[in-house]
Amino acid sequence: MTQVVERLQPWIATVEGRAQGAPRWLQDVRDKAAARFAALGFPTVRDEEWRFTNVAPIASTDFRPSAEAVVSAEQMAALPYGNLPLRIAMVNGRFSAGVSRLQNLPRGVRAGSLAAAFTEHADVVPRYYGQLADFHSRSFVALNTALAIDGAYLYIPDGTVLEHPIEILFVTAGDGSSAEMTQPRTLIVAGERSQARIVETYVTLREGTYFTNAVTEVFAGEHAVIDHYKVQQEGLEAFHIATMQVNAQRSANFSSHSFSLGGRLVRNDVNAALDGEGAEVTLNGMYLADGDRLIDNHTTIDHARAHCPSHEIYKGILGGRARAVFNGKIIVRQDAQKTDAKQTNRALLLSDSASINTKPQLEIFADDVKCTHGAAVGQLDEDAIFYLRARGLTYFEARDMLIHAFAGEIIDRVQIEPLRQALEAELYAQLANDLAEIDAA
Amino acid sequence: MLQIKNLQVKAEDKQILTGVDLHVKAGQVHAIMGPNGSGKSTLARVIAGHPEYVVTGGEVLYEGRDLLEMDPDERAREGVFMAFQYPVEIAGVNNAYFLKAAVNAKRKHLGQPELDAMEFMELIKEKSKLLEINQAMLQRAVNEGFSGGEKKRNEIFQMALLEPKLAVLDETDSGLDIDALKTVAAGVNTMRGPDRAIIVVTHYQRLLDYIVPDHVHVLSAGRIVKSGGKELALELEQKGYSWIETGAQPVGA
């Protein structure tokens, strides 16, 4: 482990070298994060938080920071997502103005490069950057914070409504000849009473093994209404580790919809702090995996204040020898009376070799609260399959209809129609692939 | 239309049908009656192709073809329909969407153009009145939260939409009050015709007051022990099944 950290040191130094003129506070954050990563190293399965997800393949691969790359408008247009009218395009972790679409933003909205915002929006960025996501105890957050050279920045002033959804598109590009890693970083600051729909997408133009280590920080001011969608469709040999840290102020309404559709080893941490009375958080997620892939979703909802509802539904569809992990932590602090938290986690296993480890984790320190959780893991309902077949649908049509119904509970909540359609198309495409596999077997 | 010869069926290593013979012609309505556990529902489900049963002997010919060789969905597309005794609730699948998929699966099989949303709504409008199918039932998930009567009406509604050649109604009367029974029976009666055969599986004679059969068969211990006209049902109603089971009367009297 020390070796890994030593290996990364030169790059951490380079980052600092490159960041000549980076403000003092930022250098400070990076230094601290680098020191924390050096101390923490990569987690192992002995860490409770990583019991079922072994990141040794990441730790043992000699990943180099990804080089700068240029992506053409044609390449962008061919991507399965990213066709929304507003777009912050990031290529290998760096803002790419040429393929971004940031015209006609409402007054006062800032959208674009985080590196630029470090100096250009110096009265706001330092208050949040590195302050929400915990780099002190989370090694991947520390790694990102130490190495991220740029990122996406979205600032929505008080009372401003973004009428159109905005997409933050992280593209990995390269010839695929070497193992590269990227540290995508996002900071979203939504002012009081602001509203926005934000799509954070991770796609790739390269092949082979690479490593995406993303950190997103979201601050939702009082009464802000933020819908956040994350679409992860990395290459099938890719590692994707991501942390999103949300802070919801009084009466803010934040919802997260996480779609994990690609990647060989995927870990999503979504942590939401309900940090003001009446704040409301929804964390929904859907994941698909087949082959030997692993998808791990860890969520934490921290009820720090009273009168906060939270809702959570995660659903997974697993085929082949795929594995999944779901860990849903709900903390209800002593002052958080009248908390109403509901968590559901369901997984559909399409093969006998697929598996999931699922664990609800409630830590309740207040007495007047309502917390419910439920987990269900199962195979397709044979009675339902027969019923549909008895009405003329083939086995595969019946199966698709049931899987679709299962996923629909999550997909149908997507409030951006082109995105909803793209997700449906991807679901069908993956099911069709899976069928081809079965037919070949 | 349907010829069943010496059909023997097992489920979970238990012999349920021990040798059923039944011949159903187009245009006829047959009632299969019998006490609980006699194998009535098994017979219906074997015709539909339920996977939990193993045929250990005999044969079933449908329009001269080996029915047992066909997958359940192929049977359906070829015109075999079973109204379920316990219609399955399918969360997340919109009833109208399901019905359209079923109708189009059959049309595709028959080489007919699939119905688009508009054409399908026209068809629904035409067929839904008789069975008192309302908009809410179409927009809910398949059978989910339906009352017993609604589920059975939804089954016969599917039969009306799919226009099968051979329909098997598996205890369609169970759990229905008299008004719902009349509605369901009226729906079935409009489907009677020279090209269609209907098999009504029931424990009670009550349904047969409204769907009057041409032939009545009594199933006991896995085989048909008595056959007759519609008056046999009335006789059973008066005397009960023990009359048959004790064999007090010779078979075929």
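Analysis parameters
Residues numbered from 1 in each chain as written. Chains lettered and ligands numbered in written order. Predicted model: local features only at pLDDT ≥ 70, side-chain atom pairs only at ≥ 80, totals over all residues. Heavy atoms only, no water. Helix = DSSP H or I, 4+ residues; strand = E, 2+ residues; numbered from the N terminus. Rg over C-alpha atoms; globule rule 2.2 N^0.38 Å. Buried < 20%, exposed > 50% of the residue type's maximum accessible area, 1.4 Å probe, protein only. Contact = heavy atoms within 4.5 Å. Lys, Arg positive; Asp, Glu negative; His and termini not counted. Charge placed at Lys NZ, Arg CZ, Asp CG, Glu CD. Salt bridge = Lys/Arg side-chain N within 4 Å of Asp/Glu carboxyl O. Phe/Tyr/Trp six-rings, centres within 6.5 Å; stacked < 30°, edge-to-face > 60°. Lys NZ or Arg CZ within 6 Å of the ring centre and 35° of its normal. pLDDT = per-residue confidence, 0-100. Domains from an automatic or database assignment. Buried area = accessible area lost by both parts, 1.4 Å probe. Polar contact = N/O pair within 3.5 Å; in protein donor to acceptor, adjacent residues only side chain to side chain. Nonpolar A, V, L, I, M, F, W, Y, C, P; charged D, E, K, R; others polar.

Student: What is the right way to look at the overall build of chain B in this model?
Tutor: When its secondary structure is counted, chain B shows nine helices and 12 strands. Here the C-alpha radius of gyration of chain B, 18 Å, is about what a compact globule of 253 residues would show, namely 18 Å. Along the first, second and third principal axes, the C-alpha set of chain B runs to 60 × 40 × 35 Å. Considering chain B as a whole, with its 253 residues, one finds that 55% of them fall into the buried category. Taking all contacts inside chain B whose residues are at least 6 apart in sequence as the whole, residues at least 24 apart take part in 69%. One way to put it: in chain B the 29 positive side-chain charges average out to a point 2 Å from where the 35 negative ones average out.

Student: Sorry if this is basic, but what is going on with the pattern of salt bridges here?
Tutor: Residues and elements named next belong to chain A. In total, this model carries 40 salt bridges over all chains according to the counting rule given. A salt bridge links Arg 51 to Glu 48, with the shortest nitrogen-to-oxygen separation between them at 3.6 Å. Overlapping salt bridges, with partners in common, bring together Glu 49, Arg 138, Arg 267, Asp 269, Asp 296 and Lys 329 in one network.

Student: What should I look at first to understand helix α7 (residues 139–147) of chain A in this one?
Tutor: Since there are 3.6 residues in each turn of an α-helix, residues three or four apart along the chain are aligned in direction. Most of α7(A) is tucked away, with nine of its nine residues classed as buried. Restricting attention to buried positions, one finds in α7(A) the residues A:Ser139, A:Phe140, A:Val141, A:Ala142, A:Leu143, A:Asn144, A:Thr145, A:Ala146 and A:Leu147.

Student: Honestly, the side chain of A:Thr145 in this entry has me stumped. Any pointers?
Tutor: Along the polypeptide, A:Thr145 turns up in helix α7. Judged by its relative accessible area of 0%, A:Thr145 falls in the buried class.

Student: When you look at the packing of aromatic side chains in this model, what are you seeing that I'm missing?
Tutor: Remark: the centre distance and the inter-plane angle together describe each pair of aromatic rings, the angle taken between the planes. Residues and elements named next belong to chain A. Scanning the entire structure with this criterion turns up 16 aromatic pairs over all chains. Each member of the aromatic cluster is reached from another via a ring pair, and the members are Phe 37, Phe 42, Trp 50, Phe 63, Phe 140, Phe 211 and Phe 239. Here the guanidinium or amino end of Arg 185 rests over the ring plane of Tyr 129, the centre of that ring lying 4.4 Å away. One cation-aromatic arrangement involves Arg 391 over Tyr 387; the distance from NZ or CZ to the ring centre is 5.2 Å.

Student: Before we go on, may I ask you to explain the confidence of the model for chain B in this structure?
Tutor: If pLDDT is low for a region, its predicted coordinates should not be looked at in detail. In this model, chain B carries a mean pLDDT of 91, and residues with pLDDT of at least 70 account for 96%. Note on the complex model: pTM 0.88, ipTM 0.94.

Student: Explanation requested: the domain arrangement of chain A in the structure shown.
Tutor: A common way to express how large an interface is: the accessible area buried when the components associate. Residue and element names in this part refer to chain A. Per the domain assignment, the segments making up chain A are domain 1 (2–276) and domain 2 (383–441). On a C-alpha basis, the centres of domain 1 and domain 2 stand 31 Å from each other. Opposite the 13 residues of domain 1 that make contact, domain 2 presents 12 residues. Carbon and sulfur atoms make up 75% of the area that domain 1 and domain 2 hide from each other, which totals about 1,000 Å². Seen at the junction of domain 1 and domain 2, the total is four residue pairs in polar contact (both at pLDDT 80 or more). Of all the secondary structure elements, the ones that give two or more residues to the side of domain 1 that touches domain 2 are β9 (195–204), β11 (225–232) and β13 (253–260). Looking at the side of domain 1 that touches domain 2, the element that brings in the most residues is β11, giving three residues. Its residues assigned to classes, the side of domain 1 that touches domain 2 comprises nine nonpolar, two polar and two charged.

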